[in-house]
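Fold and geometry: a report
For reference, the chains in residue letters:
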Amino acid sequence: MMKTEIRHASETELTIVESLAREIWPESYKGIITPEQIEYMLGWMYSSDTMKDEILNKGIKFDLLSCDGIDVGYISYGPYENEPGTIKVHKLYLKPQYHHKGLGSMMLTHAKEQARSMGCNMLVLNVNKNNPAVKVYQRNGFSVRKSVCLDVGDGFVMDDYIMECPV
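The text that follows walks through the structure, step by step, so that each part is easy to find. Keep in mind the model is a prediction, meaning the values are calculated, not measured. (Residues numbered from 1 in each chain as written. Predicted model: local features only at pLDDT ≥ 70, side-chain atom pairs only at ≥ 80, totals over all residues. Heavy atoms only, no water.)

Observations regarding the packing of helix α1 (residues 14–28) against helix α2 (residues 35–45)
Where α1 contacts α2, the two axes come as close as 10 Å, and the packing angle between them is 150°. The orientation of α1 relative to α2 falls into the category roughly antiparallel. Note that α1 runs across α2; the crossing there is right-handed. Facing α1, whose interface residues are Ala21, Arg22, Trp25 and Pro26, α2 presents Ile38, Glu39, Met41, Leu42, Gly43 and Met45. Split by residue class, the contact of α1 with α2 holds seven nonpolar, one polar and two charged. (Axes fitted to C-alpha atoms, helices over the stretch in contact; angles between N-to-C directions. Helix = DSSP H or I, 4+ residues; strand = E, 2+ residues; numbered from the N terminus. Parallel < 35°, antiparallel > 145°, perpendicular 65-115°, else oblique. Left-handed = near helix turned anticlockwise from the far one by under 90°. Contact = heavy atoms within 4.5 Å. Nonpolar A, V, L, I, M, F, W, Y, C, P; charged D, E, K, R; others polar.)

Focus: the sheet that holds strand β4 (residues 86–94)
The mixed open sheet is built from seven strands, whose spatial order is β1-β2-β3-β4-β5-β7-β6. Both outer strands of the open sheet, β1 (4–8) and β6 (143–153), are each paired with one neighbouring strand and no more. Across the sheet, the mean angle from the axis of one strand to that of its neighbour is 25°, orientation sign disregarded. Of the pairings in the sheet, the one linking strand β5 (residues 122–128) to strand β7 (residues 156–166) comprises seven bridges and is antiparallel in character. Across the sheet, the residue bridging to Leu125 is Met163, located in β7. Where α2 meets the sheet, its contacts fall on β4, β6 and β7, and the angle it forms with β7 comes to roughly 60°. (Pairing = 2+ DSSP bridges.)

Side note on the pattern of salt bridges
Enumeration according to the criterion identifies eleven salt bridges in this entry. Note that Arg22 and Glu39 form a salt bridge whose closest N and O atoms lie 3.0 Å from each other. Remark: Glu39 occurs in helix α2 and Arg22 occurs in helix α1; sequence separation between them is 17 residues. Since its relative accessible area comes to 33%, Arg22 is described here as partly exposed. The class for Glu39 is partly exposed, based on a relative accessible area of 44%. Measuring nitrogen to oxygen at the nearest pair gives 2.7 Å for the salt bridge that ties Asp159 to Lys129. With Asp159 in strand β7 and Lys129 in the loop between β5 and α5 (133–139), this residue pair connects regions lying 30 residues apart in the sequence. On the basis of relative accessible area, Asp159 is assigned to the partly exposed category, the value being 30%. In this structure Lys129 comes out as partly exposed when scored by relative accessible area, which is 25%. Beyond isolated ion pairs, a larger network of salt bridges with shared partners links Arg7, Glu13 and Asp71. (Salt bridge = Lys/Arg side-chain N within 4 Å of Asp/Glu carboxyl O. Buried < 20%, exposed > 50% of the residue type's maximum accessible area, 1.4 Å probe, protein only.)

Let's talk about the packing of α1 against helix α3 (residues 48–58)
At a closest axis distance of 10 Å, the pairing of α1 and α3 adopts a crossing angle of 125°. Regarding the angle of α1 to α3, the classification is oblique. Helix-helix and strand crossings are classified by hand; for α1 and α3 the assignment is right-handed. Here Leu14, Val17 and Glu18 of α1 lie close against α3, whose contacting residues are Met51, Lys52 and Ile55.

What is shown is where atoms sit, not what they do.
Structure below.
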């Protein structure tokens, strides 16, 4: 049995988050978005400046998941727009070889616990409509709130569901 741990990522560990993203995204989004969009979004979302700004100015937290001492995934979450009592899961990713082991559900449970500890009663997240993770979220109590197509620049869009789950 694997020994798992979810821990808060320090500012110096954001390089681990970026490294994991660069390993995970090309595999996770293959056939869903283009390699050019993957690279664009990695540069936009995972630069050290962006992640530090999210932590310092937006109240977003980054946590790392390790299995047997190896970092295999991450989750980030924080306040959602102008909805008091709601936390948004901004990122949740696992190395593909760790899929189907209950680890994504473990990270969602962690996010729910964190939301409750902050006095919140709702989690929301965006997920690409073609991402197989939609089914994982549904199994974990999420339902589709609405469908959105967001312009993210350079001619790219995120064709997503916004999903929600009471906590």
